[in-house]
Structures are given as C-alpha cells and as structure tokens.
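Observations on the three-dimensional arrangement
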Amino acid sequence: MSALRISTDPAELDLSLVHRFLSTEAYWSRGIPEATVARALAHSLCFGAYLDGVGQVGFARVVTDQATFGYLADVFVLPEHRGRGYAKQLVAAVMAEPRLQGLRRVMLATADAHALYAGFGFRAPGRPEVLMEIHRPDVYTRGEAS
C-alpha cells in the first residue's frame, strides 16, 4: 500500500475531482456549482491527499483568518480508498498545520463522523446558546449559488 501524501499546494488540487465528489456524493453540498467550489478553494487553506500512481484520493479545507478562527469543511476520502486510515491522517495533517496553531476556536459540522473528530479534541459546543447560524441546505439545488 502506498503512503498517503498530504499537500497544501493549491496547484496540485484536482478541482474536477473535488467538485464531482462535493456535487454528487457529499450530503452537505449536493448540486454545488463548480464555480462555487473553485471560489471556495481559492479562499480557503486546502489539503489534498494523494497516493502515488493514483492521484488525489481525499480533500479537506479550512476557512480561516489564520489568527483566531478556523472552520473545517468538505473533508472526504473517495469511497474506494476508505477504511485505510486516510481520513485520520488527513485530519491529523490539518490539525498539525503551522498556520492553524493558536486559533481560539476551530469549528466543524458533521452528521456522521463524530468519533473521528472527537479523537482530535472536537466536542459539542460548551455553550450552544451563544451560537447562531443561517442555514440554507438547498441553496445549490434552488440555483441561488454560482
């Protein structure tokens, strides 16, 4: 089995692969337009996960000011490469990234990977009553994003 290589070089990212996964397989972003994905990647700290001879097999990004706050988003490993610990390696690389050290708050949303993230210190908000959101789960399917 090849070793997983993780890179933050945006030039290495396979935009079409990331878009295809996010728009068709990810429960949180079905229908997202490629232009929206490209804009999100351009304004985030992105992590690509690569296998020699295969190419990109995983992805994660952090929306951050690199000083006080980060939001971990769009974490995935392609289905055919799951079950090998790659997601754990990918999140470990994100959490070890020097530009993300010392942040006061790092957040994420997940419907099904609580155990993975708990292993890195994530937990339910201690004071959920202070958090608010605007949530538009169907924004991509209604054609409001580009």
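Before reading further, recall that the structure is shown in the block above.
Let me begin by describing the structure that accompanies this report.

Description of the packing of aromatic side chains
Considering all chains together, one arrives at 4 aromatic pairs under this definition. Aromatic side chains Y27 and W28 sit 5.0 Å apart centroid to centroid with 85 degrees between the ring planes, which places their arrangement in the edge-to-face category. Owing to a relative accessible area of 41%, Y27 belongs among the partly exposed residues under this scheme. With relative accessibility at 33%, the residue W28 sits in the partly exposed group. Clustering of aromatic rings is evident, with ring pairs tying together F21, F59 and F76.

Quick look at the sheet that holds strand β4 (residues 69-77)
With mixed pairing, 5 strands are arranged side by side in an open sheet as β1-β2-β3-β4-β5. One side of each edge strand has no neighbouring strand; the edge strands of this open sheet are β1 (4-7) and β5 (105-108). Across the sheet, the axes of successive neighbouring strands diverge by a mean angle of 20 degrees, strand direction being ignored. Sheet topology note: the β4/β5 ladder contains 4 bridges and is parallel. Among the inter-strand pairings, L72 is bridged to a residue of β5, identified as L108. The strands touched by helix α1 (residues 15-24) are β3 (55-64) and β4; relative to β4, the strand with the most contacts, the crossing angle is about 90 degrees.

Overview of the pairing of strand β2 (residues 45-51)
Most of β2 sits out of view: 7 of its 7 residues are buried. Judged by which residues are buried, β2 turns out to be covered on both faces: L45, F47, A49 and L51 on one side and C46, G48 and Y50 on the other are all buried. Bridge count between β1 and β2: 4 bridges; the pairing is antiparallel. Paired with I6 across the bridge in β2 is A49. Inspection of the sheet shows β2 paired to β3 by 7 bridges, in the antiparallel sense. In the strand pairing of β3, L45 is matched with V62. Linking two consecutive strands that pair antiparallel, namely β2 and β3, is a turn of 3 residues; a positive phi of about 80 degrees is found at G53 within it.

Cut-off values and rules
- Residues numbered from 1 in each chain as written.
- Predicted model: local features only at pLDDT ≥ 70, side-chain atom pairs only at ≥ 80, totals over all residues.
- Heavy atoms only, no water.
- Phe/Tyr/Trp six-rings, centres within 6.5 Å; stacked < 30°, edge-to-face > 60°.
- Buried < 20%, exposed > 50% of the residue type's maximum accessible area, 1.4 Å probe, protein only.
- Pairing = 2+ DSSP bridges.
- Helix = DSSP H or I, 4+ residues; strand = E, 2+ residues; numbered from the N terminus.
- Axes fitted to C-alpha atoms, helices over the stretch in contact; angles between N-to-C directions.
- Contact = heavy atoms within 4.5 Å.

Worth remembering: the numbers are spatial, not functional.
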